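A structural walkthrough
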Amino acid sequence: MDFSSKLLENAVYEMAQLPGIGKRTALRLVLHLLKQPERRTEDLSNAIMKLRNTVQFCKKCHNISDTELCEICSNPKRDATLVCVVEDIRDVMAIENTGQYRGLYHVLGGKISPIEGMGPQDLTISSLVRKVKEGEVNELILALSSTMEGDTTNFYIFKQIEGTQVKTSTIARGIAVGDELEYADEVTLGRSILNRIPFEGSFNNN
Ligand SMILES: [Zn+2]
């Protein structure tokens, strides 16, 4: 792409660093912003900078939160003995949208993936294991997507907590192998949480 302006080129370059944004789209977005009142660009950069500078992670579930303890963890109506293990905030949002789940979450921050250089130590697994061993949890729902990385992570966690009293289940029904959780429709995802199955039985059949 040949730019007549170095300033424009820089802005397009930065925009194109975002996932799913190619150079063409980046150019379109930048030109769009230029046509809008200056205030629009200011609001956008301020919102992102404010998020960046003040974002917190809930000290209990590691979800993105505005406060030390997120709204879900601090809600007394939620069942704190039931914990659903998910990859990131998008999964929390997807499950919350089903309206079928009244327990808490544990956000891992990713999946074990040797290819991407993600090991168990890069995730919040040790804090999850601690929670389980301290006896706070009665049931753990392993709700990672059924991709190879998701399965590996589920199994790793299962091995870490083996021998404890916690009941371990997994969402299986209705979620196709290879599907990412956030793309499942609400009814399917809601049903797969309600109809969860014991984790141990879930891999013997494979
Ligand atoms: Zn929380």
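What you see is a predicted model; the values in this text were computed from it and never measured.

Our next topic: the overall build of the protein. A count of helices and strands for the protein gives eight helices and seven strands. Considering only contacts in the protein between residues 6 or more positions apart, those separated by 24 or more positions represent 55%. Within the structure as shown, the protein displays about 12,900 Å² of accessible surface, and the carbon and sulfur contribution to it stands at 52%.

For the pair helix H1 (residues 6-15) and helix H2 (residues 23-35), the least separation of the axes is 8 Å and the interaxial angle reads 120 degrees. Classed by the angle they form, the pair H1 and H2 counts as oblique. Two packed elements cross with a definite hand, and for H1 against H2 that hand is right-handed. Contacts between H1 and H2 involve Leu8, Ala11, Val12 and Met15 on the former and, on the latter, Lys23, Ala26, Leu27, Leu29, Val30, Leu31 and Leu33.

In the structure shown here, the tally under the stated rule is nine salt bridges. Across the pair Glu9 and Lys6 runs a salt bridge, and its minimum N-O distance is 3.7 Å. Residue Glu9 and its partner Lys6 are both found in helix H1; the two are separated by three residues, about one turn of the helix. A salt bridge links Glu139 to Lys167; the nearest nitrogen and oxygen atoms lie 3.9 Å apart. Residue Glu139 is found in strand S5 (residues 139-142), and its partner Lys167 is found in strand S6 (residues 167-170); the two are separated by 28 residues along the sequence. Judged by its relative accessible area of 53%, Lys167 falls in the exposed class. Shared partners join several salt bridges into a network, and the residues in it are Glu139, Lys167 and Arg196.

With that settled, consider the coordination of the zinc ion. Each donor-metal-donor angle would ideally measure 109.5 degrees in four-coordinate tetrahedral geometry, or 90 or 180 degrees in six-coordinate octahedral geometry. Ligation of the zinc ion by protein atoms is provided by Cys58 (SG), Cys61 (SG), Cys70 (SG) and Cys73 (SG), these donors lying 2.3 Å from the ion. The class for Cys70 is buried, based on a relative accessible area of 5%.

What follows is about the UniProt feature "zinc finger region: C4-type" (unreviewed entry) in the protein. Mapped onto this numbering, the UniProt entry annotates "zinc finger region: C4-type" (unreviewed entry) at residues 58-73. Each end of residues 58-73 is marked by a C-alpha atom, and these two atoms are 8 Å apart; helix forms 0% of the span and strand 12%.

Let us now look at the pairing of strand S4 (residues 103-107). Burial analysis of S4 places five of its five residues in the buried class, the great majority of the element. Relative to S4, strand S3 (residues 79-86) is paired through five bridges, and the arrangement is parallel. Paired with Cys84 across the two strands is Tyr105, which belongs to S4. Following the chain from S3 across helix H4 (residues 89-98) to the adjacent parallel S4, one finds a crossover that is right-handed.

What follows concerns the pairing of S3. Of the pairings in the sheet, the one linking S3 to S5 comprises four bridges and is parallel in character. Pairing of Val83 across the sheet is with Leu140, part of S5.

Next up on the list: the sheet that holds S5. In spatial order, the strands read S4-S3-S5-S6-S7; together these five strands make up an open sheet with mixed pairing. One side of each edge strand has no neighbouring strand; the edge strands of this open sheet are S4 and strand S7 (197-198). As paired elements, S6 and S7 share two bridges and run antiparallel to each other. Bridge pairing in S7 places Ser169 opposite Pro198.

With 20 residues, the main nonpolar core has Cys84, Val86, Ile95, Tyr101 and Tyr105 as its most contacted residues. Where this core is concerned, the elements lending two or more residues are S3, H4, S4 and helix H7 (186-194). Those residues in contact with Cys84 that sit more than four places away from it in its chain are Ile95, Tyr101, Leu104, Tyr105, His106, Ile141, Ala143 and Ile193.

Another aspect to go through is a nonpolar patch on the surface. Judged by side-chain polarity, Leu51, Val55, Phe57 and Ile64 come together as a nonpolar surface patch covering roughly 360 Å² of accessible area. Along the chain, the position of Val55 falls in the loop between helix H3 (38-54) and strand S1 (56-57). Assessed through its relative accessible area of 32%, Val55 is described here as partly exposed.

Criteria and thresholds
- Residues numbered from 1 in each chain as written.
- Predicted model: local features only at pLDDT ≥ 70, side-chain atom pairs only at ≥ 80, totals over all residues.
- Heavy atoms only, no water.
- Helix = DSSP H or I, 4+ residues; strand = E, 2+ residues; numbered from the N terminus.
- Contact = heavy atoms within 4.5 Å.
- Areas by Shrake-Rupley, 256 points an atom, 1.4 Å probe, with all protein chains shown as cover.
- Axes fitted to C-alpha atoms, helices over the stretch in contact; angles between N-to-C directions.
- Parallel < 35°, antiparallel > 145°, perpendicular 65-115°, else oblique.
- Left-handed = near helix turned anticlockwise from the far one by under 90°.
- Salt bridge = Lys/Arg side-chain N within 4 Å of Asp/Glu carboxyl O.
- Buried < 20%, exposed > 50% of the residue type's maximum accessible area, 1.4 Å probe, protein only.
- Donors = N, O, S within 2.8 Å, 3.2 Å for Na, K, Ca; no water.
- UniProt positions renumbered as here; feature names shortened; annotations may be inferred.
- Pairing = 2+ DSSP bridges.
- Right-handed = clockwise from strand over helix to strand, strands pointing away.
- Core = buried A, V, L, I, M, F, W, Y, C linked by side-chain atoms within 4.5 Å.
- Patch = residues over 30% accessible without salt bridge, like charges linked within 9 Å, V, L, I, M, F, W, Y side chains within 5 Å.

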